[in-house]
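Coordinates in review
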Amino acid sequence: MAIKQGTEVAQNGKKEEIRRPLIPQENTLPDEDAEDPSHKNGHEWMVYLSTFVAVCGSFAFGSCAGYSSPTQFAIREDLNLSLAEYSLFGSLVTFGAMIGAITSGPIADFMGRKGAMRVSSGFCTAGWLAIYFAKGPQPLDIGRLATGYGMGVFSYVVPVFIAEIAPKNLRGMLTTLNQLMICTGVSVSFIMGTVITWRTLALTGIIPCVVLIVGLFVIPESPRWLAKTGHQKEFEVALRRLRGKDADISLELAEIQDYIETLQQQPQAKLLDLFQRRYLRSLIIGVGLMVFQQFGGINGICFYASSIFETAGFPSSTGIIIYACLQVVVTAVGAVLIDKTGRKPLLLVSATGLVFGCIIEGISFYLKTYEIAPKAAPALAVTGILLYIGSFSVGMGAIPWVIMSEIFPINVKGVAGGLATLVNWFGAWAISYTFNFLMLWSSYGTFALYAAINLLAILFVAKLVPETKGRTLEQIQAAINSS
């Protein structure tokens, strides 16, 4: 009997330990507008330089994503590829990115954030060289797979690195630069692909990788990763470099160190550990946002944009340039607003715009299908797609990555962030693959389905996603995982 009672007490104690907050909740959510003493007399030029170096990886990501569209005709003609062979070449980037997503967290945890960016740059560089020297489909496919792998790693490590080095008052804006540079890379590839050969365009993809590799020798490693791995001296030096030699870093130093020491008492996180109660809310938020980002139809809209413009009687090349420029400009506006308005309001505005964009697009296809108001349908089609891409760019494009980089505790960030990134890339593949089948089933029904998913996204954000503006990563994670 005594043994049984002792066992029950031990089991109850273990359950209570799983439910216990990672750090005490007292003072975890200070006034978000309070002045941070670490920024008094500080100079944050190293934060800006480090962000610039990191988002060179984002630009490399965009260059790879935008490569296949303007080069399709030239590559098929030069290498005598069938449509099926070129379709395989285009799709391999997604599979490479899935592999990169699976391995990104462990690599970033083992080698550091800078080490992961070096690995990613190496794969992208090797992939671009394979494409440049390709004489047939096999080296072309190998190169595309390698650049896709680099994209998968970049998509995780760049926002995580920026979030871990940035002060709380700049973190949203700086992390959003990841998405801005992805859009810029895509746009530059679209435009340059119309004026230079596909082999030369492949070489230009190496430029951001080279800048990144050189820049990594200048910037510091993530202080939080250094603290987690026990490099105490390097942790303090890195934080001092990022905040400025005259800044008071004592409070930030102590907060990070206390949080890391608390996390080190926990066992090494595995995939199944994410489903413990203390991590479950973070997991639902991070993965849920990635699901809604992709299954709201973004890759289907991107895939069909050129055809929509042609159907509307609008020159497709002009339409794509407008599309690309709008994406960059609105993403830049979102980067400016994110630390002023907050993450949650922008997500709600963005998702609402996506619903209306899909509805307008669906109406245009309905009118075309049943030959109602034939002059109105093309105008509605162009309006719908531009409203959709503008709405996506201001919030749902960048902010899920921002929040993903903020909400996971550092002891599970590699596993949880890798899972969220994998879900994102799987969603990208699933929507790209199913879009044509859905359009054959019902063109207007397809956009009605996407509108319904984006409506669910509004409810998800309103009910579950917290506001993280103006809080340190430690305060955000403690609040989420203790609720």
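We now turn to the structure provided with this report. Owing to the predicted nature of the structure, the values given are computational and were not obtained by experimental measurement.

Details of the packing of aromatic side chains
What the rule picks out here adds up to 18 aromatic pairs. Arranged with centres 6.5 Å apart and planes meeting at 70 degrees, the rings of Tyr-67 and Phe-89 form a pair that is edge-to-face. Of this pair, Tyr-67 sits in the loop between α2 (45-65) and α3 (68-79) while Phe-89 sits in helix α4 (residues 83-132), and the two are 22 residues apart along the sequence. Each of the two residues, Tyr-67 as well as Phe-89, counts as buried. When the ring of Phe-447 is compared with that of Tyr-450, the centres are 6.2 Å apart and the planes differ by 90 degrees; the resulting orientation is edge-to-face. Of this pair, Phe-447 and Tyr-450 both sit in helix α19 (residues 443-464), three residues apart, which is roughly one turn of that helix. One aromatic cluster is present, formed by Phe-95, Phe-426, Trp-429, Tyr-433 and Phe-437 through successive ring pairs. The ring of Phe-89 carries Arg-144 above its face, with NZ or CZ at 5.3 Å from the centroid.

Here we look at the packing of α2 against helix α5 (residues 137-165)
Interhelical geometry of α2 versus α5 gives an angle of 155 degrees and a closest axis separation of 9 Å. What the angle tells us is that α2 and α5 run roughly antiparallel. Judged by the sense of rotation from one axis to the other, the crossing of α2 with α5 is left-handed. Between α2 and α5, the contacting residues are Val-47, Ser-50, Thr-51, Ala-54, Val-55, Gly-57, Ser-58, Ala-60, Phe-61, Cys-64 and Ala-65 on the first element and Arg-144, Thr-147, Gly-148, Met-151, Phe-154, Ser-155, Val-158, Phe-161, Ile-162 and Ile-165 on the second. Its residues assigned to classes, the contact of α2 with α5 shows 13 nonpolar, seven polar and one charged.

A word on the packing of α2 against helix α10 (residues 232-243)
Contact geometry for α2 and α10: axes closest at 5 Å, N-to-C directions at 100 degrees. Judged on the interaxial angle alone, α10 and α2 are roughly perpendicular. From α2, Met-46, Val-47 and Ser-50 reach across to α10, where they touch Arg-241, Leu-242 and Arg-243. Considering only residue class, the contact of α2 with α10 consists of three nonpolar, one polar and two charged.

Conventions we followed
Here the residue index of a chain counts from 1 through its sequence in written order. In keeping with the predicted nature of the model, local features appear solely for residues at pLDDT of at least 70, side-chain atom pairs appear and are counted solely at 80 or more, and the whole-chain, interface and lining totals rest on all residues. Note that the side-chain values use all heavy atoms of the structure and ignore hydrogens as well as water. Pairing of aromatic side chains here covers Phe, Tyr and the six-membered ring of Trp, requires ring centres within 6.5 Å, and sorts the geometry by plane angle: under 30 degrees stacked, over 60 edge-to-face, intermediate tilted. Numbering of helices and strands runs from the N terminus, with a helix taken as a DSSP run of H or I at least four residues long and a strand as a DSSP run of E at least two residues long. The buried label applies to any residue whose accessible area, calculated with a 1.4 Å probe on protein chains only, is under 20% of its type's maximum; exposed applies above 50%, and partly exposed to all values in between. Whether a charge sits over a ring depends on NZ of Lys or CZ of Arg being within 6 Å of the ring centre and within 35 degrees of the ring normal. Lines fitted to C-alpha atoms define the axes, with helix axes restricted to the stretch in contact, and inter-axis angles between N-to-C directions lie between 0 and 180 degrees. Comment on the angle field: the value is read as roughly parallel under 35 degrees, roughly antiparallel over 145, roughly perpendicular from 65 to 115, and oblique elsewhere. A clockwise turn of the near helix away from the far one marks a right-handed crossing, whereas an anticlockwise turn of less than a right angle marks a left-handed crossing. Residues count as neighbours in contact if any of their non-hydrogen atoms are within 4.5 Å of one another. Throughout, the ten residues Ala, Val, Leu, Ile, Met, Phe, Trp, Tyr, Cys and Pro are labelled nonpolar, Asp, Glu, Lys and Arg are labelled charged, and all others, Gly among them, are labelled polar.

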